[in-house]
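In case you want the letters, here they are:
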Amino acid sequence: MSPRPTALLGLGAPPTPSIRAEPVSVIPQGRPVTIVCQGPKQADVFRLEDKDGRTAYKNDKIEYQRGSQGTEARFRIPAVTEHTAGPYRCLYSLRGTHTWSPRSEPLELKVTGLPSKVTIPPTETGPQTAPASRNYTVGNCVHISLAAAVLLILMAILAEAWHSQRRSPHAPQGWRQDDTH
């Protein structure tokens, strides 16, 4: 981006900065992303604004790089979430002035892997939503507990049968083979 000479002489608005995301603007949840704002070499202070026009990141958290293409400010987001998703714009001020550039075009930061909502068909009370994924931990614990209870009952029956067999190894008590009536 090359600045317009009139802007640098104070005869017009500074050029609009460019904005991009590294590595890309569609990021899996929890992964880092860097938003890069680029202005002319004379750019001194950069500001990154969120969807509400508030300053999203303070100047002390950015990394400046000056080069032949101008000045870059790198705003690092260590882990993207649904709260960091949305449009971002950047702007800068020129060294030695209090003039801010126009805002950049919006950069839409999209986060993947967020829980989505599944719409349940409307009922008498109206449409409802439910989470797309469920936590089956409680149900699994109930199933395992029931299986353990059945196993314990079967083991008790087996132990009783084994104990009964040891008391009378040949025949049930009170019964003799020569007893034929």
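Our subject is the structure listed above.
About the cut-offs
- Residues numbered from 1 in each chain as written.
- Predicted model: local features only at pLDDT ≥ 70, side-chain atom pairs only at ≥ 80, totals over all residues.
- Heavy atoms only, no water.
- Helix = DSSP H or I, 4+ residues; strand = E, 2+ residues; numbered from the N terminus.
- Buried < 20%, exposed > 50% of the residue type's maximum accessible area, 1.4 Å probe, protein only.
- Areas by Shrake-Rupley, 256 points an atom, 1.4 Å probe, with all protein chains shown as cover.
- Pairing = 2+ DSSP bridges.
- Core = buried A, V, L, I, M, F, W, Y, C linked by side-chain atoms within 4.5 Å.
- Axes fitted to C-alpha atoms, helices over the stretch in contact; angles between N-to-C directions.
- Phe/Tyr/Trp six-rings, centres within 6.5 Å; stacked < 30°, edge-to-face > 60°.
- Lys NZ or Arg CZ within 6 Å of the ring centre and 35° of its normal.
- Patch = residues over 30% accessible without salt bridge, like charges linked within 9 Å, V, L, I, M, F, W, Y side chains within 5 Å.
- Salt bridge = Lys/Arg side-chain N within 4 Å of Asp/Glu carboxyl O.

Engineer: For the overall build of the protein chain, give the residues involved together with the corresponding values.
Structural biologist: A count of helices and strands for the protein chain gives two helices and 11 strands. Put simply, the protein chain runs from its N terminus to its C terminus through helices and strands in the order α-β-β-β-β-β-β-β-β-β-β-β-α. Every one of the 181 residues in the protein chain was classed for burial, and the buried ones make up 25%. Entry remark: accessible area of the protein chain is about 13,200 Å², with carbon and sulfur atoms responsible for 57%.

Engineer: Account for the pairing of strand β9 (residues 107–112), with residues named and values stated.
Structural biologist: Burial along β9 is one-sided: L107, L109 and V111 are buried, while E108, K110 and T112, pointing the other way, are not. Sheet analysis places strand β2 (residues 26–28) next to β9, joined by three bridges and oriented parallel. Of the residues in β9, the one forming a bridge with V26 is K110. Sheet topology note: the strand β8 (residues 86–94)/β9 ladder contains three bridges and is antiparallel. Its bridge partner being in β9, P87 is matched across the sheet by E108.

Engineer: Requested: an account of the pairing of strand β1 (residues 18–22), with residues and values cited.
Structural biologist: Burial of the side chains of β1 is restricted to one face: I19 and A21 are buried, whereas none of S18, R20 and E22 on the reverse face is. With five bridges joining them, β1 and strand β3 (residues 33–39) adopt antiparallel strand pairing. Opposite E22, over in β3, you have T34 as the bridge partner.

Engineer: Got a sec to walk through the nonpolar core? Specific residues and values, please.
Structural biologist: Among the nonpolar cores identified, the biggest contains 22 residues, and I19, I35, L48, F75, I77 and Y88 are the most heavily contacted of them. Sorting the residues of this core by element identifies β1, β3, β4 (43–49), β7 (70–77), β8 and β9 as the ones contributing at least two each. For this core, the element with the most residues is β8, which contributes four residues.

Engineer: Account for the sheet that holds β8, with residues named and values stated.
Structural biologist: Hydrogen bonds between backbone atoms are what pair the strands of a sheet, whose relative direction is either parallel or antiparallel. In spatial order, the strands read β2-β9-β8-β4-β5; together these five strands make up an open sheet with mixed pairing. Unpaired on one side and paired on the other, β2 and β5 (55–57) mark the two borders of the sheet. Each adjacent strand pair in this sheet contributes to an overall mean axis angle of 40°, direction not counted.

Engineer: Please give an account of unusual backbone geometry that cites residues and values.
Structural biologist: Residues E22 and P23 are joined by a peptide bond in cis, for which omega reads 5°. Structurally, P23 can be placed in the loop between β1 and β2.

Engineer: Lay out the packing of aromatic side chains in plain terms, naming residues and giving numbers.
Structural biologist: One pass over the structure, following the stated rule, counts one aromatic pair. Centroid distance F46 to Y92: 5.8 Å. Interplanar angle 45°. Geometry classified as tilted. With F46 in strand β4 and Y92 in strand β8, this pair connects stretches of sequence that are 46 residues apart. The lysine or arginine in question, R47, covers the ring of W100, its NZ or CZ lying 4.6 Å from the ring centre.

Engineer: I'd love a proper account of a nonpolar patch on the surface, names of residues and values included.
Structural biologist: On the surface, V150, I153, L154 and I157 cluster together into a nonpolar patch covering about 390 Å² of accessible area. Looking at the secondary structure, you find I157 in helix α2 (residues 137–167). Judged by relative accessible area, I157 falls into the exposed class, the value being 52%.

Engineer: Talk me through the pattern of salt bridges; I want residue IDs and the actual numbers.
Structural biologist: Applying the stated rule across the entire model yields eight salt bridges. Residues E22 and R20 are paired through a salt bridge, measuring 3.0 Å at the closest nitrogen-oxygen approach. One connected set of salt bridges, linked through shared partners, spans R20, E22, E72 and R74.

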